[in-house]
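What follows is each chain in one-letter form.
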Amino acid sequence: MTVLTHPSTGRTPGSMSDAEWHARLELAACYRVFDHLGWVEMIFNHITLRVPDEEGSLLINPFGLMYHEVTASNLVKIDYEGNILSDSPWPVNEAGLLIHTTLHASRSDAHCIMHTHTTAGSGVACIGDGLDPDNFYSAQLFEMVAYHDFEGVTVNPEERPRLVEDLGERNLMILRNHGLLALGPTLPAAFSALWTLQRACELQLAATSTGRPLTKVSREAAVQSTRESFQLGDRTDAGRVLFEALRRKIDRIDPSYRS
């Protein structure tokens, strides 16, 4: 299929490579998409993205800015130890660093990592049985979601090996009593996986709030749904069509993220 590409966004600043600038543009656009969708927690939570062709370098939001204030140029470049590598007046959030740097370092395919505290996601994270497979979106995530037990605010380095072990080779994780996490080999892939999980959580809470018994999805139907999932499959270039459609919407609303 033909995938629409994003229009030119001007010249690359002289202080960085074209690859870094385009990564910054994509990540800043994603922060604006999250803001548009309401996936925000004031100045908290993070989306991180590896800097192309720079081993061990990540881009993260400046701690203190709302998501609608994030731009390509004010994103902070850090290493896996949390050291700031770019010329930035902004700090980064210690609590966010541990999860992101740990998983970026442990998974070579973790180009992008997203973490949210949405009401629906955090709500399902507090349910003992976690995500059930009995709605259209959760059925598309059969055996794709890992779980990690709550150990308090994630600032303790001793939690790192347990995060890595619990995630394993999966790209989605429910942090119990906490929130949602997604990663992917590209930003659109991580986004489409997280969007699917978020919708699954929203529908689960809506359905269970009725107090009525749920119609069960069979294992066979869940396996088929996961195999044929449109937003996660190659038919949409691993979510790029979905993400680029939202990015075009942001461009129409407020393209200031490009600055």
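This text goes with the structure placed above it.
Residues numbered from 1 in each chain as written. Predicted model: local features only at pLDDT ≥ 70, side-chain atom pairs only at ≥ 80, totals over all residues. Heavy atoms only, no water.

Draft legend 1. Representation of the sheet that holds strand S7 (residues 179-184). Taken in spatial order, the seven strands make up an open sheet running S3-S2-S1-S4-S7-S6-S5, and their pairing is mixed. Only two strands of the sheet have a single partner each, and these edge strands are strand S3 (76-79) and strand S5 (145-148). In this sheet, adjacent strand axes meet at a mean angle of 20 degrees when their direction is disregarded. Of the pairings in the sheet, the one linking strand S4 (residues 112-116) to S7 comprises five bridges and is antiparallel in character. (Pairing = 2+ DSSP bridges. Helix = DSSP H or I, 4+ residues; strand = E, 2+ residues; numbered from the N terminus. Axes fitted to C-alpha atoms, helices over the stretch in contact; angles between N-to-C directions.)

Draft legend 2. Structural detail: the pattern of salt bridges. With the rule as written, the count across this model stands at 13 salt bridges. Of the charged contacts in the structure, one is a salt bridge between Arg240 and Glu26, with a shortest N-O distance of 3.3 Å. Taken together, the positions of Arg240 in helix H7 (residues 240-253) and Glu26 in helix H1 (residues 18-37) put the pair 214 residues apart, joining distant regions of the chain. A relative accessible area of 22% means that Arg240 is categorised as partly exposed. Several salt bridges converge on common partners, so that one network encompasses Glu20, Arg24, Glu54 and Lys77. (Salt bridge = Lys/Arg side-chain N within 4 Å of Asp/Glu carboxyl O. Buried < 20%, exposed > 50% of the residue type's maximum accessible area, 1.4 Å probe, protein only.)

Draft legend 3. Geometry of the packing of aromatic side chains. Considering all chains together, one arrives at nine aromatic pairs under this definition. Pairing Phe34 with Tyr67 gives two aromatic rings, centres 6.4 Å apart and planes at 45 degrees, and the pair type is tilted. On the criterion of sequence distance, the pair formed by Phe34 in helix H1 and Tyr67 in the loop between strand S2 (57-60) and S3 is long-range, its members being 33 residues apart. There is no split in this pair, since Phe34 and Tyr67 are both buried. (Phe/Tyr/Trp six-rings, centres within 6.5 Å; stacked < 30°, edge-to-face > 60°.)

Draft legend 4. Here's a closer look at the packing of H1 against helix H5 (residues 187-208). Here H1 crosses H5 at 15 degrees, and the two axes come no closer than 11 Å. Compared by their axis directions, H1 and H5 come out roughly parallel. The two elements H1 and H5 meet at a crossing, and its hand is right-handed. Contact residues: H1 offers Glu26, Leu27, Cys30, Val33, Phe34 and Leu37, while H5 offers Leu187, Pro188, Phe191 and Leu194. (Parallel < 35°, antiparallel > 145°, perpendicular 65-115°, else oblique. Left-handed = near helix turned anticlockwise from the far one by under 90°. Contact = heavy atoms within 4.5 Å.)

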